[in-house]
Amino acid sequence: MANIKFDKERCKGCCLCVAECPRGNIRMSEILNKTGSIYAEVIDEGDCNGCALCCQMCPDMAIEIEEDEKQTCCEKGSEK
Amino acid sequence: MEFKKPTSLLDVPTHYCPGCGHGIVQRLVGEVIDELGIREKTIGTAPVGCAVLLYDYFDCDIIECSHGRSPAVATGIKRVLPDRVVFTYQGDGDLAAIGTAETIHVANRGENITIIFVNNAIYGMTGGQMAPTTITGQRTTTTQEGRGQNQEGPPLKVCELLASLDGVTYLERVAVSTPKDIMRAKKAVKKAFQNQIDEKGFSLVEVLSMCPTDWKVSSTAAVDFVNNEMKEVFPLGVFKDEK
């Protein structure tokens, strides 16, 4: 599970992330944000594996993935 | 895995249309500036066109230039301050139309600067007129029947044009229409900046980009247009790489 964050106020509703998500885990909202645009949101956070293809494709830098502390500990453990 | 906005870009929303490729290209430039640790000594030049407000987005020095004259201004900056990293960020109307002379001569002189050339095959800011890079058959507000070979001529291929010049060190054409292309584009942008730091000479990266608003298609159809039509006319790849 990845710690993915969508900034709905930055999103302009271009839908490029929706088309790119290999798991079909992103949808567009049914309500508008402050700029009057529909915005992208993750359907199931638990199903996101953090591949970051949506982040790569987003022209507005509205998607960020934060480092998962638990995962980092495990990775560090396996390196040792 | 972590994915954050680059610190070389200011944390402000951009004015670009939904689905425009400029935001992606600017993020790549910002990430490269971060990774090379050159933000404090980087000076960029902003074009006239959709990216005219570049100084509002980059957290480094940006100078606004007259239409097409960015390479001339960048030449001046680099000659006066040779220890700085100087880049120009230009669109196709800026670099390939009104600025053709500056582009060709700066490349021929082999100035040690980096040019990021965003090619979206149309004049975006002024309302979708034909650009020199508009592909044959493409409809614009000034070629309503599609660009014709006889009347308007074939599209101008900047990388192919500059490849014959001795002063050029590095030329590559990339795209930002798929994540794979975006990652390749970042490598190219990084190399273009690294060449300048290593004093190897003139580097230009042409980036094929989307303009859904002026192509009058949806964002996803614009991505398909780049992948299926533009890449046929403007093949991706390295056109020159002097070691």
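Treat the numbers as computed from the prediction; the structure is a model and nothing was measured.

J.: Pulling in residues and values, what's your account of the overall build of chain A?
T.: Each helix and strand in chain A was counted, giving three helices and four strands. Secondary structure elements in chain A, listed N-terminal to C-terminal, are β-α-β-β-α-β-α. Here chain A holds 80 residues, and the buried ones make up 44% of them. Long-range contacts, defined as pairs at least 24 residues apart, comprise 60% of the intrachain contacts of chain A with a sequence gap of at least 6. Accessible surface computed for chain A: about 4600 Å², of which carbon and sulfur atoms make up 49%.

J.: Account for the interface of chain A and chain B, naming residues and giving values.
T.: Taken together, the contact pairs 23 residues of chain A with 30 residues of chain B. Carbon and sulfur atoms make up 60% of the area that chain A and chain B hide from each other, which totals about 2200 Å². At the junction of chain A and chain B, the tally comes to three salt bridges. Breaking the side of chain A that touches chain B down by element, the ones donating at least two residues are helix 1 (16–20), helix 2 (53–57) and strand 4 (63–66) of chain A. Broken down by class, the residue content of the side of chain A that touches chain B amounts to 14 nonpolar, two polar and seven charged.

J.: I'd like a description of the confidence of the model for chain B, backed by residues and values.
T.: Across chain B, pLDDT averages 96, with 100% of residues at or above 70. Model confidence for the complex is summarised by a pTM of 0.94, with the ipTM given as 0.91.

J.: Summarise unusual backbone geometry; cite the residues concerned and give the values.
T.: Residues and elements named next belong to chain A. One non-glycine residue, A52, adopts positive backbone phi at about 70°. Take A52: it is sitting in the loop between strand 3 (38–42) and helix 2. Phi at M61 is positive, roughly 50°, even though this residue is not glycine. Structurally, M61 can be placed in the loop between helix 2 and strand 4.

J.: Give a detailed account of the pairing of strand 1 (residues 42–46) of chain B, specifying residues and quantitative values.
T.: Residue and element names in this part refer to chain B. Across the five residues of strand 1, five count as buried, placing the element largely inside the fold. Residue alternation in strand 1 divides its side chains into two sets, T42, G44 and A46 and I43 and T45, and both sets are buried. As defined by bridge partners, strand 1 adjoins strand 3 (residues 85–91) across four bridges and the pair is classed as parallel. If you follow I43 over to strand 3, its bridge partner there is V86. Across four bridges, strand 1 lies against strand 2 (residues 61–64) in parallel orientation. Each residue of the ladder has a partner; that of T45, found in strand 2, is I63.

J.: Before we move on, can you summarise the sheet that holds strand 5 (residues 168–175) of chain B with the specific residues and values?
T.: Backbone hydrogen bonds hold the strands of a sheet together, and the pairing may be parallel or antiparallel. Residues and elements named next belong to chain B. One open sheet accounts for seven strands, arranged 2-1-3-4-6-5-7; its pairing is mixed. Two strands in the sheet have a free side with no partner beyond their single neighbour: strand 2 and strand 7 (237–241). Here the average twist between neighbouring strands, direction ignored, is 15°. Packed onto the sheet, helix 1 (residues 22–36) meets strand 1, strand 3, strand 4 (114–119) and strand 6 (202–208) and runs at close to 175° relative to strand 3.

J.: Can you break down the side chain of B:Q196 residue by residue, with the values?
T.: Residue and element names in this part refer to chain B. Within the fold, Q196 resides in helix 6 (residues 179–197). Classification of Q196 by relative accessible area gives buried; the value is 2%. Ignoring any residue separated from it by four or fewer positions in sequence, one finds Q196 in contact with K78, R84, V85, V86, N112, I113 and T114.

J.: Describe the pattern of salt bridges, listing the residues and the values that go with them.
T.: Taken as a whole and assessed by the stated rule, the structure comprises 21 salt bridges over all chains. One salt bridge connects A:E64 with B:K5, and the closest N-O pair in it is separated by 3.2 Å. Of the two residues, A:E64 is situated in strand 4 and B:K5 in the segment before helix 1; the pairing between them involves two chains. Taking the shortest distance from any N to any O, the salt bridge between B:E206 and B:R173 comes out at 3.1 Å. With B:E206 in strand 6 and B:R173 in strand 5, the pair connects residues that are 33 residues apart, well separated along the chain. Each member of the pair, B:E206 as well as B:R173, carries the same accessibility label: buried.

About the thresholds
Residues numbered from 1 in each chain as written. Chains lettered and ligands numbered in written order. Predicted model: local features only at pLDDT ≥ 70, side-chain atom pairs only at ≥ 80, totals over all residues. Heavy atoms only, no water. Helix = DSSP H or I, 4+ residues; strand = E, 2+ residues; numbered from the N terminus. Buried < 20%, exposed > 50% of the residue type's maximum accessible area, 1.4 Å probe, protein only. Contact = heavy atoms within 4.5 Å. Areas by Shrake-Rupley, 256 points an atom, 1.4 Å probe, with all protein chains shown as cover. Buried area = accessible area lost by both parts, 1.4 Å probe. Salt bridge = Lys/Arg side-chain N within 4 Å of Asp/Glu carboxyl O. Nonpolar A, V, L, I, M, F, W, Y, C, P; charged D, E, K, R; others polar. pLDDT = per-residue confidence, 0-100. Pairing = 2+ DSSP bridges. Axes fitted to C-alpha atoms, helices over the stretch in contact; angles between N-to-C directions.

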